[in-house]
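Each chain, letter by letter, is given below.
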Amino acid sequence: MTIRVNRRAALGIGTVATAGTVLGAAAPASAAARPRAAATPAEAAAQVAAGYAQETARAGGNWQAYVSVANGSAAPLVAVADEADRRIEAYSVNKIAVAVAVLDKVDRGLLTLAQRVDVTASIVIPGGDGIFSLDGAYPSSVTLGHALAALLTVSDDTAVRLCGLVCPAAELNQILVAKGFPNTQVQPVANPNRFYLGTSTPRETHDLLRKLVGGTLLSASSTAFLLGLLRSPIAFTDGVRREMSSTERARVATKAGWFDTARHEAGIVFDAAGAPVLTYALFADGQAGAGDFGATHPAVQARARLGRVFLTAVAGLAGVGPAHRAAVQRPSNGG
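Residues numbered from 1 in each chain as written. Predicted model: local features only at pLDDT ≥ 70, side-chain atom pairs only at ≥ 80, totals over all residues. Heavy atoms only, no water.

Turning to the nonpolar core, a few remarks are in order. Counting 55 residues, the largest nonpolar core has Leu 151 and Leu 226 as its most contacted members. With 9 residues, the single largest contributor to this core is helix H4 (residues 95-107). Excluding residues that lie within four positions of it along the chain, Leu 226 makes contacts with Ile 96, Ala 99, Val 100, Leu 103, Leu 152, Leu 212 and Leu 218. Among the nonpolar cores identified, the runner-up in size contains 32 residues, and Ala 45, Val 269, Tyr 280 and Ala 299 belong to it. (Core = buried A, V, L, I, M, F, W, Y, C linked by side-chain atoms within 4.5 Å. Buried < 20%, exposed > 50% of the residue type's maximum accessible area, 1.4 Å probe, protein only. Helix = DSSP H or I, 4+ residues; strand = E, 2+ residues; numbered from the N terminus. Contact = heavy atoms within 4.5 Å.)

In structure tokens form, the structure reads like this:
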């Protein structure tokens, strides 16, 4: 099996403390098989790097990634930098960027979450992921907040078009460029209100998430709304969050993207107090089982094992930045 990652790429070798720990005796390649709470950010980054190298080799295919660990008052430690600036098709991971652009307009008073958008038969993507294609009764209407909830939890494809009704492709791309993300762009089509989900890079996706939790991307209310969706129990659970309890899952905000042979996922791990402690952007394609969009796909299985490595490695560390506490959500029996 040919693996498109070496230790220098996986470690983001500019981080000397991390590189030294991984390349020395403190963190053998088998460390990923024995996840444990790290004593320092450098040790956590080393464990993450070892886990990434092991799991991507096991899954095969092509990987591009960027992962960092919070490091107190210093800059985050780069645990993984594997083709981090390669511009690639982001697929549904870019639904985060779409939501950011829409919420930017909410923050500027141009839109409200309570306003309604029409769900017509012509706007529904037949057979697409999500819930709108299952309704079977059109026309209807939903609030913009409902559309965003469907976009970021069940990754609804029709919700992309609903967002396009209020934030056309050209405007959406301009908003993202203004926020510092020139490579995170949707792909316009003939209809100005529709677009393909477009491209990003691992580094830009990572940095977008870092700015989000840092409070510099959106207002506090929009930030809380977006993170609440990505941390909700019905957000993606087949990948990074699969081998976790419900309490542990609430500490992870995540968004996956899947199309053709690609299986991507990006998100943030929070400490117990709600401060961000690890940020990841994992892009993969070319593995076996292109027709398998479930939990048994090799790249998805790799991300599930990495999720356990991530959470365990940073279990004893404090995050950095504003705290974002997860809302308490429990099953209901109706009534």
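On we go from here.
Here we come to the packing of helix H3 (residues 41-59) against helix H11 (residues 298-313). Between H3 and H11, whose axes approach to 9 Å, the crossing angle comes to 165°. For the element pair H3 / H11, the angle class is roughly antiparallel. H3 and H11 meet at a crossing whose hand is right-handed. Residues Ala 44, Gln 47, Val 48, Gly 51, Tyr 52, Glu 55, Arg 58 and Ala 59 of H3 pack against Pro 298, Ala 299, Ala 302, Arg 305, Leu 306, Val 309, Phe 310 and Ala 313 of H11. Each residue belonging to the contact of H3 with H11 can be placed in one class, and the counts come to 11 nonpolar, 2 polar and 3 charged. (Axes fitted to C-alpha atoms, helices over the stretch in contact; angles between N-to-C directions. Parallel < 35°, antiparallel > 145°, perpendicular 65-115°, else oblique. Left-handed = near helix turned anticlockwise from the far one by under 90°. Nonpolar A, V, L, I, M, F, W, Y, C, P; charged D, E, K, R; others polar.)

Pairing in this open sheet of 3 strands is antiparallel, and the strands run S3-S7-S6 from one edge to the other. Of all the strands in the sheet, the pair left with one neighbour each is strand S3 (88-89) and strand S6 (185-188). Across 3 bridges, the pairing between S6 and strand S7 (residues 195-200) is antiparallel. Counted as the bridge partner of Gln 185 is Thr 199 from S7. Set on the sheet, helix H7 (residues 169-178) makes contact with S6 and S7; between it and S6 the angle comes to about 160°. (Pairing = 2+ DSSP bridges.)

What follows deals with the environment of Ala 114. Take Ala 114: it is sitting in the loop between H4 and strand S4 (116-119). A residue is classified by how much of its surface remains accessible, and Ala 114, at 59% relative accessible area, is exposed.

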